[in-house]
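Next come the chains, spelled out residue by residue.
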Amino acid sequence: MALSPASNTGLCGRTSLFSHEERLNIGFCNAGIRSVVRRNGLVIRASASKSHSVDMINGKKVNGVHLGEATNLARISSGMVKDVPEMNSYLMGRFVEDRFIYRQTFIIRSYEIGPDKTATMETLMNLLQETALNHVRNSGLAGSGFGSTREMSLRKLIWVVTRINIQVEKYSSWGDIIEIDTWVDAAGKNGMRRDWIIRDFKTQQVITRATSTWVIMNRVTRRLTKMPDQVRDEVTPFFTNRLSSAIVDNDSRKIDRLDDETSERIRADLEPRWSDMDANQHVNNVKYIGWILESVPIKVLEDYYLASMTLEYRRECRQSDLLQSLTSIKEKVTDCTESSSRKTLESIHLLRMQDNKDEIVRARSVWKCKQNLH
């Protein structure tokens, strides 16, 4: 239920993509050399002194950077630009609107797409959480914990998500650049709400909206706790009263409980791996999505796309746990053809412990016919 950062890929160790002459221009990864190469009209500036070394393509900064027109491509190509800002000053994003909104840009990578050649729901969730983590880091509040503030770290406290709703209008394709905004507000006396919107950078169209609720847990006792006043004093200056979408669109309805009798499909023997664990020593909440989809009929996955998903997190999951995934399709029409009168499905899901049947996550999904995308 904690946050999981996405990885960025640098240029070091990738110079085989270039000719011998171009590799000489780039230089060795440990030489601290800044250089620019041009190949087939593509301008790439490399900074070998940093681990994230490719930072500009065709004059536009990518992977955590707000894109814009290059100031002078001729000067860049000739290597004359000096006093380039440090990578960390823009790779992690930036604050906008009086520091209430944190904005970050990403490029969709080849390993973040699925069979449809578009980003998966897991990819979107990982990028949302990466932006949230960087929001905390760049706010100056980050402590020693994973996404925790300084006062939380002193008290051995961490954030855990209890509910998240994500609505997708369009899934980005490989190579698309997206822009993510995130912000926070209070949720009751002891919780925090975090919202996001994702825009297509080229069109500035909002293609995804998400909202979530977070509470505080003691990382030693694994029990939920009230928000200390010191923590509230830290985060309150960043609160802004706005929503990523109207409340009526956030799917706040109760999610029905599934069991052996009410579920249509059960996928058993799901076992968390070591790589599924996060820095807070429990399974990353994004991993649950993949397990939930294990019990969705393949026909639905082939003919429909996941338009929205609401998840209610009930308890933690550890590496030693064995899980079951249950799904029931509430709307029975699954014929995604031109003659079909209904092009939307709704399904409910349950992820539970296999031995004692304790609930881990309840979820509800809305599926739309892929033909509606064309």
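Residues numbered from 1 in each chain as written. Predicted model: local features only at pLDDT ≥ 70, side-chain atom pairs only at ≥ 80, totals over all residues. Heavy atoms only, no water.

1. Considerations on the pairing of strand S8 (residues 177–187)
Two faces make up the sheet, and in a regular strand the side chains alternate between them. The condition is simple: Buried, partly exposed and exposed residues are distinguished by accessible area as a fraction of the type maximum, computed with a 1.4 Å probe on protein chains only: under 20%, between the cut-offs, and over 50%, respectively. Helix and strand assignments come from DSSP, with helices taken as H or I runs of at least 4 residues and strands as E runs of at least 2, each series counted from the N terminus. Being paired, for any two strands, means DSSP has found at least two bridges between them.
Most of S8 sits inside the fold, with 9 of its 11 residues counted as buried. Alignment of strand S6 (residues 101–107) against S8, held across 6 bridges, turns out to be antiparallel. Residue Phe 106 lies in a different strand from S8, and its bridge partner there is Ile 178.

2. What to know about the packing of aromatic side chains
The line we're drawing: Each pair of aromatic rings taken from Phe, Tyr and Trp, with Trp reduced to its six-membered ring, is defined by centres within 6.5 Å and is described as stacked if the planes are under 30 degrees apart, edge-to-face if over 60, and tilted in the remaining cases.
All told, the structure shown has 4 aromatic pairs when counted by the stated rule. Relative to Tyr 102, the ring of Phe 95 has its centre 5.0 Å away and its plane inclined at 70°; by these criteria the two rings are edge-to-face. Across this residue pair, the class does not change: Phe 95 and Tyr 102 are buried. The interplanar angle of 40° and the centroid separation of 5.9 Å between the aromatic rings of Tyr 288 and Tyr 313 together place this pair among those described as tilted.

3. Focus: the pairing of strand S7 (residues 157–168)
Most of S7 is tucked away: 11 of the 12 residues are buried. Where S7 lies against strand S10 (residues 206–218), 11 bridges are found, and the strand directions are antiparallel. Residue pairing across strands places Ile 158 opposite Met 217, the latter belonging to S10. With 5 bridges connecting them, S7 and strand S13 (residues 304–313) associate as antiparallel partners.

4. Thoughts on the nonpolar core
Soluble globular proteins tend to bury their nonpolar side chains together. Formally: Definition of nonpolar core: a set of buried residues of the types Ala, Val, Leu, Ile, Met, Phe, Trp, Tyr and Cys, connected through side-chain atoms within 4.5 Å. Each domain span listed reflects an automatic or database assignment of domains. In this analysis, two residues are considered to be in contact whenever any of their non-hydrogen atoms come within 4.5 Å of each other.
By size, the foremost hydrophobic cluster in this structure holds 64 residues, and its most contacted members are Met 121, Met 125, Ile 166, Tyr 288 and Leu 311. Ranked by residue count, the leading element in this core is S13, at 7 residues. Taken together, domain 1 (87–250) and domain 2 (254–373) each give at least three residues to this core, which thus spans both. In this structure, Leu 311 is in contact with Met 125, Thr 162, Arg 163, Ile 164, Ile 289, Ile 292, Val 361, Arg 362 and Ala 363, ignoring residues within four places of it in sequence.

5. Observations concerning the environment of Lys 357
For the record, the criterion: Any N or O atom pair separated by 3.5 Å or less is treated as a polar contact, with the protein-specific requirement of one donor-capable and one acceptor-capable atom, and with residues adjacent in sequence counted only for side-chain atom pairs.
Counting through the fold element by element, Lys 357 comes out in the loop between strand S15 (344–353) and strand S16 (359–369). When the C-alpha atoms of Lys 357 and Asp 259 are compared, they prove to be 9.0 Å apart, with 98 residues separating the residues in sequence. Leaving out residues up to four positions away in the same chain, Lys 357 has contacts with Arg 257, Gln 324 and Arg 352. Among the polar contacts made by the side chain of Lys 357, one reaches the side chain of Gln 324 at a distance of 3.4 Å.

6. Brief notes about the confidence of the model for the chain
Condition: Each residue gets a pLDDT score, which is the predictor's confidence in that residue and runs from 0 to 100.
Taken as a whole, the chain shows an average pLDDT of 78; of its residues, 70% reach a score of 70 or greater. Below pLDDT 50 for its whole length, residues 1–54 participates in 121 contacts with residues either more than four positions away or in separate chains. Between residues 62–87, whose pLDDT stays under 50, and residues either more than four places distant or in other chains, the model counts 55 contacts.

7. Remarks on helix H4 (residues 121–139)
Let me state the cut-off plainly: Residue count minus one, scaled by 1.5 Å, sets the expected span of a helix.
Taking 1.5 Å as the rise per residue, H4 with 19 residues should run 27 Å; its terminal C-alpha atoms sit 27 Å apart, in good agreement. In the stretch just after H4, Gly 140 is the one whose phi turns positive, near 90°.

8. Comments concerning the environment of Leu 270
For Leu 270, the position within the fold is in strand S12 (residues 265–270). Using a relative accessible area of 6% as the deciding quantity, one classes Leu 270 as buried. Among all residues touching Leu 270, those that are not within four sequence positions of it are Trp 291, Glu 294, Asp 321, Leu 322, Leu 323, Gln 324, Ser 325 and Leu 351.

9. Quick look at the pattern of salt bridges
Where we set the bar: We count a salt bridge whenever a side-chain nitrogen from Lys or Arg sits within 4 Å of a carboxyl oxygen from Asp or Glu.
The final tally for this structure, using the stated rule, is 25 salt bridges. With a closest N to O distance of 2.8 Å, Arg 199 and Glu 179 form a salt bridge. In this pair, Arg 199 is assigned in strand S9 (residues 191–200) and Glu 179 in strand S8, connecting sequence segments 20 residues apart. Given the relative accessible area of 1%, Glu 179 is considered buried. Measuring nitrogen to oxygen at the nearest pair gives 3.0 Å for the salt bridge that ties Glu 312 to Arg 314. The class for Arg 314 is partly exposed, based on a relative accessible area of 42%. The network of salt bridges with shared partners includes Arg 163, Arg 257, Glu 312, Arg 314, Glu 359 and Arg 362.

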